[in-house]
Each structure stands twice: as structure tokens, then as C-alpha cells.
Amino acid sequence: MTSRQNIIITGAGGLVGPLLAARLLNTPQYHLILTDLADPIIPAGVAHPENATAIKGDITDPAFVASLVAAAQPLHAVFVFHGIMSAGSEANFELSLRVNVDSVRLLADHVRVSNPRVRFVYASSQAVFGQPLPAGPVTDDVTPTPQGTYGAHKLMNEIYLNELHRRGFLDVFVVRFPTISVRPGKPTAAASSFLSGIIREPMHGLECVVPLRDRGFKSFLASPRTIAENLVRVLGMQSDKLPAHIRHINFPGVSVSVQEMLDALAKYGGEDKLQLVKEETDAGQERILRSWPQDFDITTPLQLGLVVDKSGEALIKEYIDSLKK
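Residue indices follow the written sequence of each chain, beginning from 1 at its first position. Since the coordinates come from a predicted model, pLDDT governs what is reported: local features require at least 70, and pairs of side-chain atoms require 80 or more to be given and counted, while whole-chain, interface and lining totals use all residues. The side-chain values count all of the structure's non-hydrogen atoms but skip hydrogen atoms and water molecules.

As annotated in an unreviewed UniProt entry, the chain carries the name NAD-dependent epimerase/dehydratase domain-containing protein and comes from Lasiosphaeria hispida.

Spelled out as C-alpha cells, the structure:
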């Protein structure tokens, strides 16, 4: 019989935390400690909801972090998903520094003392990259040069966590997410929010504003289902799959243009939905969006055993089909 495995998931009131929780709570050995500043979500329809404990609190508070880690003993793994999104970080540098940087170091430093070498999975982002970028897909050799607060703070954490792994303090994996689309729920404070809204809002009879007038503009996307699957795979990945001082994985995705998204919306949602998409330039949002890569070489993550969506059209169809269930 497999022994109990306690896992902390931060940001459990958002999107990715509940996605992973929904996967893990169908396996009896996983016991989850779900935390967020908002009410953590215990997913519905799972086989073992009794294996989830929701603890609401402020992850920037040292006393709360100590109580959180104590509640998860003996600790098997930590997934760090909490944070201020890209546009929100750009609007409030101090808040981003406190939530996106200081709290991650606080949690990592506590866990490296209480549970040395425990698996620590940190959700980073393609936003660690900025110009200059290659004309083609970003490869493993491209140096991150963030052009926004969100990406800069993510990269700061990456370097610190790499060092904690190299020193043998934690067993770190840094997973750089593509833009997740199509996200259910409401718009977020992310510059990329429209990349879900362009499908989600029209399918609910609502308008979506695209913050740039360039239908050839491409973004690197992954579906929620694929993100969750790859997180489960990282949980079970052998530590030595990555070098001791290079702990990041660029999660695989597909490069999709605004026009391709609109075509898929019309094909699977109906031509009438296109009337609800408005294009209005937002210079601040566009600057952030154009600083990010539009495509990645996904050879390495696929060699590591991760999976990728079939196409941009397929992930949009998957979302629209889910609304009919």
C-alpha cells in the first residue's frame, strides 16, 4: 500500500491550483493542503475530497507560513502557484515584490529547514523572456531578458531556487507556463487575459476587447488540461533529469495567431460570436505582449516526457465542447 503523501498547493483559489488538485484528489495517497488569500477551492466531483484541507491565509506572513508547513507534515511536495499577474505587477511594483518574490523566498526558506530536499515546484512564466528574441522559436540557449515587472520577479525566483537546488537544500523544478487558454471563469489582471476572453466571453454572450490591432500576432498557448497533466508528470519526474544548477522546463505549447483564434471561434462557436470581439489598442498592454516569445522549441520538454496540445484550434474546440456537457 502506498503511503500518504502530503502536498501543499498555494494559489489554490485560482485556476492552476484547483486543476492540479482535481487530478491528485482522484488518487488515494495524495493529501492536499490547499491555501490562498481567497477561499481555496476543493474541486467538485473528485474521488477523495476528504483528502483536501483548505487553509485560508496570507502567504506573505511568516507566522502563517510556519503554521501552513506544520499542517502538512510529513511533507512530500510543494507547488507554488500564487502571485500577482502581469498587468497587475506592472501597475503595482511593491505588491508584486511582496507577493511574487518575498513570499516565495519565505516559503522556500522555511521548507528547506523543516523538510530538506523536498520536491518544490515553482510556476514561472514565458514572461521571463524579452527582446531581443530570435526570429524563430525560442530555444534552450536563449537568455531570459524580461521587459516587465512580472517576468523580472519570476526570474529572480528562478535564480534563487536554482541555487537552493544546487546546494542540496530543496529538490526544485521551475516550470515556465505558456499562456493558459482557454481559461474558465472571469478575466484576470494579466496582459494575456484576452487570449482566453476572445473565446470565453463571446461564448457567454459577452464582449471581449483585444488590446492590439494585429490579427497576425501570435501567442504561445496551452490548454488547462495539458498544464495539469504536465504538472502531474513533473511531480513524478526523476530529479537528475535536469542539471543541478539549471532547473527550469519551458512547458510545451502551440503558437496561435489572433486570426486563428477568431477562425476557430467562428467554426465551433458560430459566426455571430465574432461580433462580440472588439479590437482597441492599449499601448501598455501591447508593449508587454510584444516583449514575450511567440513560439518555443519544445524538443526538450517532449524528451522529458511532457505532452502538448494538438493545435490552437483543438484547444479552442475542447473548451467550446466542454460548455455543451
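**With respect to the overall build of the chain**
To be explicit about the condition: A run of H or I in DSSP becomes a helix once it reaches four residues, and a run of E becomes a strand once it reaches two; helices and strands are each numbered from the N terminus. Only C-alpha atoms enter the radius of gyration; for comparison, a globular chain is expected to reach 2.2 Å times N to the power 0.38, where N is the number of residues. Only protein chains enter the accessibility calculation, which uses a 1.4 Å probe; a residue whose area is less than 20% of its type maximum is buried, one above 50% is exposed, and one in between is partly exposed. Throughout, a contact is declared for two residues whenever any of their heavy atoms are within 4.5 Å. For every accessible area listed, the method is Shrake-Rupley and the probe measures 1.4 Å; residues are considered covered only by the protein chains on display.
A count of helical and extended segments in the chain gives 11 helices and 12 strands. In terms of overall dimensions, the chain is globule-like: its C-alpha atoms have a radius of gyration of 19 Å, near the 20 Å expected for 325 residues. Counting only C-alpha atoms and orienting by the principal axes, one finds that the chain spans roughly 55 × 45 × 40 Å. Every one of the 325 residues in the chain was classed for burial, and the buried ones make up 52%. Long-range contacts, defined here as pairs at least 24 residues apart, represent 74% of the contacts in the chain between residues at least 6 apart. As displayed, the chain has an accessible area near 13900 Å², and 53% of this comes from carbon and sulfur atoms.

**A closer look at the pairing of strand S5 (residues 119-125)**
Where we set the bar: Any two strands are treated as partners once DSSP identifies two or more bridges connecting them.
Counting buried positions along S5 gives seven out of seven residues, so the element sits mostly inside the fold. Burial along S5 is two-sided: the residues Arg119, Val121, Ala123 and Ser125 and Phe120, Tyr122 and Ser124 are all buried. Two elements, strand S4 (residues 75-80) and S5, share four bridges in a ladder whose sense is parallel. Bridge pairing in S5 places Val78 opposite Phe120. The sheet contact formed by S5 and strand S6 (residues 171-177) spans seven bridges and is parallel. Along S6, the bridge assignment pairs Phe120 with Val172.

**Brief notes about the sheet that holds S4**
Selection rule: Helix axes are fitted to C-alpha atoms over the stretch in contact, other axes to C-alpha atoms as well, and angles between N-to-C directions run from 0 to 180 degrees.
The strand order across the open sheet formed by seven strands is S3-S2-S1-S4-S5-S6-S10, and the pairing between neighbours is parallel. On the outer flanks of this sheet lie strand S3 (52-56) and strand S10 (248-250), each paired with one strand and no other. Across the sheet, the mean angle from the axis of one strand to that of its neighbour is 20°, orientation sign disregarded. Where helix H5 (residues 149-166) meets the sheet, it contacts S5, S6 and S10, and its direction lies at approximately 155° from that of S5.

**Details of the layout of surface pockets**
The criterion, for reference: In the cavity and pocket records, a cavity denotes points on a 1 Å grid over the protein atoms alone where a 1.4 Å probe fits but cannot get out, a pocket denotes an open set with protein on both sides within 12 Å along at least 5 of 7 lines, and lining residues are residues with an atom within 4 Å of a point. Grid points are joined across faces, edges and corners, and a volume is the space filled by probe spheres set on the points. We call Asp, Glu, Lys and Arg charged. Ala, Val, Leu, Ile, Met, Phe, Trp, Tyr, Cys and Pro are nonpolar, and the rest, Gly among them, are polar.
Here the largest pocket is characterised by a volume of approximately 1100 Å³. Phe81, His82, Gly83, Ile84 and Met85 are, among the 49 residues lining the largest pocket, the residues nearest its centre. Put simply, the parts of the chain that give the lining of the largest pocket at least two residues each are helix H1 (16-24), strand S2 (30-36), helix H4 (93-114), S5, H5 and strand S7 (179-180). Along the lines of polarity and charge, the residues of the lining of the largest pocket split into 23 nonpolar, 20 polar and six charged.

**Quick notes on the packing of helix H6 (residues 194-203) against helix H11 (residues 312-322)**
Threshold: In what follows, roughly perpendicular refers to angles from 65 to 115 degrees, roughly parallel to angles under 35, roughly antiparallel to angles over 145, and oblique to any angle outside these ranges. Crossing chirality is assigned from the near helix's rotation relative to the far helix, an anticlockwise turn below a right angle marking it left-handed and a clockwise turn marking it right-handed.
Packing of H6 against H11 leaves a shortest axis separation of 11 Å and a crossing angle of 25°. Considered as vectors, H6 and H11 are oriented roughly parallel to each other. Considering the relative orientation of H6 and H11, their crossing is right-handed. In this structure, H6 uses Ile199, Arg200 and Met203 to contact H11, whose residues at the interface are Ile316, Tyr319 and Ile320. Taken together, the residues that form the contact of H6 with H11 break down as five nonpolar, no polar and one charged.

**With respect to the pairing of strand S9 (residues 218-222)**
With respect to burial, S9 is a largely interior element, four of its five residues being buried. The sheet contact formed by S7 and S9 spans two bridges and is parallel. Bridging across to S9, Thr179 finds its partner in Leu221. The sheet contact formed by S9 and strand S11 (residues 254-257) spans four bridges and is antiparallel.

**What about the nonpolar core?**
Here is the rule we go by: Within this scheme, the nonpolar core is defined by two criteria: the residues are buried Ala, Val, Leu, Ile, Met, Phe, Trp, Tyr or Cys, and they are joined through side-chain atoms within 4.5 Å.
Of all hydrophobic cores here, the largest spans 34 residues; its most connected members are Ile9, Phe177 and Leu231. At the level of secondary structure, the elements contributing two or more residues to this core comprise strand S1 (5-10), H1, S2, S4, S5, S6 and helix H7 (224-235). Setting aside chain neighbours within four positions, we find Phe177 in contact with Val16, Phe81, Ala123, Ser124, Ser125, Gln126, Ile227, Leu231 and Phe251. Counting 29 residues, the second-largest nonpolar core is a separate cluster that includes Tyr150, Ile198, Phe217 and Tyr319.

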